[in-house]
Amino acid sequence: MKRAKLNSEEVEYIVVGSTMTAPDEEFTEKDGMHFYIDKDGIVSTPVEDDERGNFLPRYAHNSIVIIIEGGYTDDGVPSARSYYRNQLLSTQGIVKTMMRKYPNSALTMWHELKKGINPVITAKDIVG
């Protein structure tokens, strides 16, 4: 699929969100996000980082979207402890790279743009 290119000066948000799934729950809706980080910390790139995504449609023209697998414990409780260290390290690396590529951007948590608790972590959990 041919996607429109992002204008680097217009990218304002490096958005970190979550699948908000339990450890044994499969997540398959990866289309439209720029980065997906599975529970092993392995990164896939469904959309190139210089193209518009559509996982967060309202912000497609000015954001990079990173989604981390997890968000809920086995007991169905939302918790920052549902993420593994390797996921947070992968996220940190992507955020730093994207902020260098898009200097007008800022790390933004999903819940800052959309209501809810997603991703049940803070920017401090990512960048320290």
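Here the structure is a predicted model, which is why all the values come from computation and not from measurement.

About the criteria used
- Residues numbered from 1 in each chain as written.
- Predicted model: local features only at pLDDT ≥ 70, side-chain atom pairs only at ≥ 80, totals over all residues.
- Heavy atoms only, no water.
- Helix = DSSP H or I, 4+ residues; strand = E, 2+ residues; numbered from the N terminus.
- Rg over C-alpha atoms; globule rule 2.2 N^0.38 Å.
- Buried < 20%, exposed > 50% of the residue type's maximum accessible area, 1.4 Å probe, protein only.
- Contact = heavy atoms within 4.5 Å.
- Expected span 1.5 Å × (residues − 1).
- Pairing = 2+ DSSP bridges.

Peer 1: Sorry, what's going on with the overall build of the protein chain here?
Peer 2: A count of helices and strands for the protein chain gives three helices and five strands. For the protein chain, the N- to C-terminal ordering of α and β elements is β-β-β-β-α-β-α-α. What you see for the protein chain is a C-alpha radius of gyration of 14 Å, in line with the 14 Å of a compact globule of 128 residues. With the principal axes as the frame, the protein chain shows a C-alpha extent of 40 × 35 × 25 Å. The buried share of the protein chain, reckoned over its 128 residues, is 48%. Looking at the protein chain alone, contacts between residues at least 24 apart form 70% of all its contacts between residues at least 6 apart.

Peer 1: How should helix H1 (residues 85-101) be read in this particular structure?
Peer 2: Structurally, the α-helix is built with 3.6 residues per turn, so residues lying three or four positions apart point the same way. Across its 17 residues, H1 extends 24 Å between first and last C-alpha, which sits within 8% of the 24 Å expected from 1.5 Å per residue. Within the span of H1, buried status applies to Gln87, Leu88, Ser90, Thr91, Gln92, Ile94, Val95 and Met98. If you follow the buried residues of H1, they end up packed against strand E1 (13-18), strand E2 (35-37), strand E3 (43-44), strand E4 (63-68), strand E5 (106-109) and helix H3 (123-127).

Peer 1: Sorry if this is basic, but what is going on with the environment of Asn62 here?
Peer 2: Structurally, Asn62 is set in the loop between E3 and E4. Separated by twelve residues in sequence, Asn62 and Asp50 place their C-alpha atoms 11 Å apart. Not counting residues within four places of it along the chain, the set of residues in contact with Asn62 comprises Leu6, Glu10, Val11, Glu12 and Tyr13.

Peer 1: Even after reading the chapter, I still don't get the sheet that holds E2, so can you show me in this structure?
Peer 2: In sheet architecture, strand pairing relies on hydrogen bonds along the backbone and comes in two forms, parallel and antiparallel. Read across the open sheet, the five strands follow the order E3-E2-E4-E1-E5; overall the sheet is mixed. The two strands at the open ends of the sheet, each matched to only one other strand, are E3 and E5. Here four bridges tie E1 to E5, and the two strands are oriented parallel to one another. Across the sheet, residue Val16 finds its bridge partner in E5, namely Met109.

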